[in-house]
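A structural walkthrough
Now for the letters of each chain:
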Amino acid sequence: MVASEVRALFAVASRPEIVSLAGGMPNVSALPMDAVASMMAELVMQHGPVALQYGSAHGDASLRETICTVMAVEGIDARPDDVVVTVGSRQALDLVARVFLDPGDTVVTQGPTYVTALGTFAAYQARAVHVDMDERGVLPEAPAETFARLERAGRPATLFYTVPAFQNPAGVTLAAVRAAWSCRCSPGPGRSRGALTLDRGHRLSCGSGQRS
């Protein structure tokens, strides 16, 4: 069994003498415990039978409808039946890897990138290849050059994994002009032309602060 980098990270971060900036652990002492307790009590009193019972594997129906409304703002036409609500990004990454990756496949991703994603791809015996980025996100020429190099080497990319907004761990947001480019990015001939782009975007939360 392959050791989990995330498990090792949190084993260290959970030690009381450690103040970790690596694992995304919240400062629980700053959380409004009274407000959280009040909201939990209200949830149980008003929706207890639903909240405490198993639900649909696809997620709450009203939540999926709301997600479709939000997606429509970005020009994505989807129905609730098209949406699966996951318990965080790790489950979503696992589902995508399970469906689209075979042992020996190549995943192109930003470097550095989300450690949980790397662990998930490795669990399905995929190989990660990093592309360079700067303070404005992925360098425009880097993915196409990497796709072409992999194609020549006989290892065409199956997946391009990117976090365009508030990238983990670098914290950068993909510039608008580069985002437009990434939508048109063509990896080249052969299998790479059909490479899936897995975009862990948070564009709506960027608002007018997205850089150009």
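Everything that follows concerns the structure shown earlier in this document.
Quick caveat, the model's predicted, so the values are computed rather than measured. (Residues numbered from 1 in each chain as written. Predicted model: local features only at pLDDT ≥ 70, side-chain atom pairs only at ≥ 80, totals over all residues. Heavy atoms only, no water.)

1. Notes on the nonpolar core
- Counting 13 residues, the largest nonpolar core has L93, L101, V107, F121, L159 and Y161 as the members making the most contacts within it.
- Of all elements in the fold, only α4 (89-100), α5 (115-123) and β5 (157-162) reach the threshold of two or more residues within this core.
- When residues of this core are assigned to their parent elements, the largest contribution, 3 residues, is made by α4.
- V108, F147, L150 and A157 belong to the second-largest nonpolar core, a separate cluster that totals 9 residues. (Core = buried A, V, L, I, M, F, W, Y, C linked by side-chain atoms within 4.5 Å. Buried < 20%, exposed > 50% of the residue type's maximum accessible area, 1.4 Å probe, protein only. Helix = DSSP H or I, 4+ residues; strand = E, 2+ residues; numbered from the N terminus.)

2. Considering unusual backbone geometry
- Cis geometry is adopted by the peptide bond preceding P112, which originates at G111 and carries an omega value of -5°.
- Omega for the bond connecting N168 with P169 falls within 30 degrees of zero, at 15°, which places this linkage in the cis form.
- Among the secondary structure elements, P169 is positioned in the loop between β5 and α7 (176-184).
- The backbone of Q125 shows a phi angle near 60°, a positive value even though the residue is not glycine.
- For Q125, the position within the fold is in the loop between α5 and β2 (127-131).
- Looking at Q125, the relative accessible area reads 55%, which means it is exposed.
- For F166, which is not a glycine, the phi torsion comes out positive at approximately 55°.
- Turning to its location among the elements, F166 is positioned in the loop between β5 and α7.
- We classify F166 as partly exposed; its relative accessible area is 46%.

3. Overview of the packing of aromatic side chains
- A full pass over the atoms with the stated rule returns 2 aromatic pairs.
- With a centroid separation of 5.7 Å and an interplanar angle of 80°, the aromatic rings of F121 and Y161 are classed as edge-to-face. Of the two residues, F121 is situated in helix α5 and Y161 in strand β5; the sequence distance between them amounts to 40 residues.
- The buried category is assigned to F121, whose relative accessible area is 2%.
- Arranged with centres 6.0 Å apart and planes meeting at 85°, the rings of F147 and F160 form a pair that is edge-to-face. A residue pair is termed long-range when its members are at least 10 positions apart, and F147 in helix α6 (residues 142-152) and F160 in strand β5 qualify at 13 residues. (Phe/Tyr/Trp six-rings, centres within 6.5 Å; stacked < 30°, edge-to-face > 60°.)

4. A word on the environment of N168
- Relative to the elements of secondary structure, N168 occurs in the loop between β5 and α7.
- Taking the C-alpha atoms as reference points, N168 and G111, separated by 57 residues in sequence, lie 9.9 Å from one another.
- Apart from the residues within four sequence positions on either side, N168 is in contact with T113, Y114 and V163. (Contact = heavy atoms within 4.5 Å.)

5. A few points about the packing of α4 against α5
- Interhelical geometry of α4 versus α5 gives an angle of 30° and a closest axis separation of 10 Å. By the angle between their directions, the pair α4 and α5 is classed as roughly parallel. As for how α4 packs across α5, the hand of that crossing is right-handed. Seen from α4, the contacting residues are R90, L93, D94 and A97; seen from α5, they are T116, A117, T120 and F121.
- The residue makeup of the contact of α4 with α5, split by class, is 4 nonpolar, 2 polar and 2 charged. (Axes fitted to C-alpha atoms, helices over the stretch in contact; angles between N-to-C directions. Parallel < 35°, antiparallel > 145°, perpendicular 65-115°, else oblique. Left-handed = near helix turned anticlockwise from the far one by under 90°. Nonpolar A, V, L, I, M, F, W, Y, C, P; charged D, E, K, R; others polar.)

6. Some points on the sheet that holds β2
- Spatially, 4 strands are ordered β2-β1-β5-β6 in an open sheet, and the strand pairing comes out parallel. Two strands bound the open sheet, and with one partner strand each, they are β2 and β6 (196-199). Looking at each pair of strands side by side, their axes are set apart by 25° on average, direction ignored.
- Pairing analysis gives 4 bridges linking β5 to β6, with the strands arranged parallel. Paired with L159 across the bridge in β6 is L196.
- Those strands touched by α6 are β1 (106-110), β2 and β5, and its axis lies near 140° from that of β2. (Pairing = 2+ DSSP bridges.)

7. A word on a positive patch on the surface
- A cluster of like positive charges, contributed by R127, R149, R152 and R155, occupies part of the molecular surface.
- If you trace the backbone, R127 turns up in strand β2. (Patch = residues over 30% accessible without salt bridge, like charges linked within 9 Å, V, L, I, M, F, W, Y side chains within 5 Å. Areas by Shrake-Rupley, 256 points an atom, 1.4 Å probe, with all protein chains shown as cover. Salt bridge = Lys/Arg side-chain N within 4 Å of Asp/Glu carboxyl O. Lys, Arg positive; Asp, Glu negative; His and termini not counted. Charge placed at Lys NZ, Arg CZ, Asp CG, Glu CD.)

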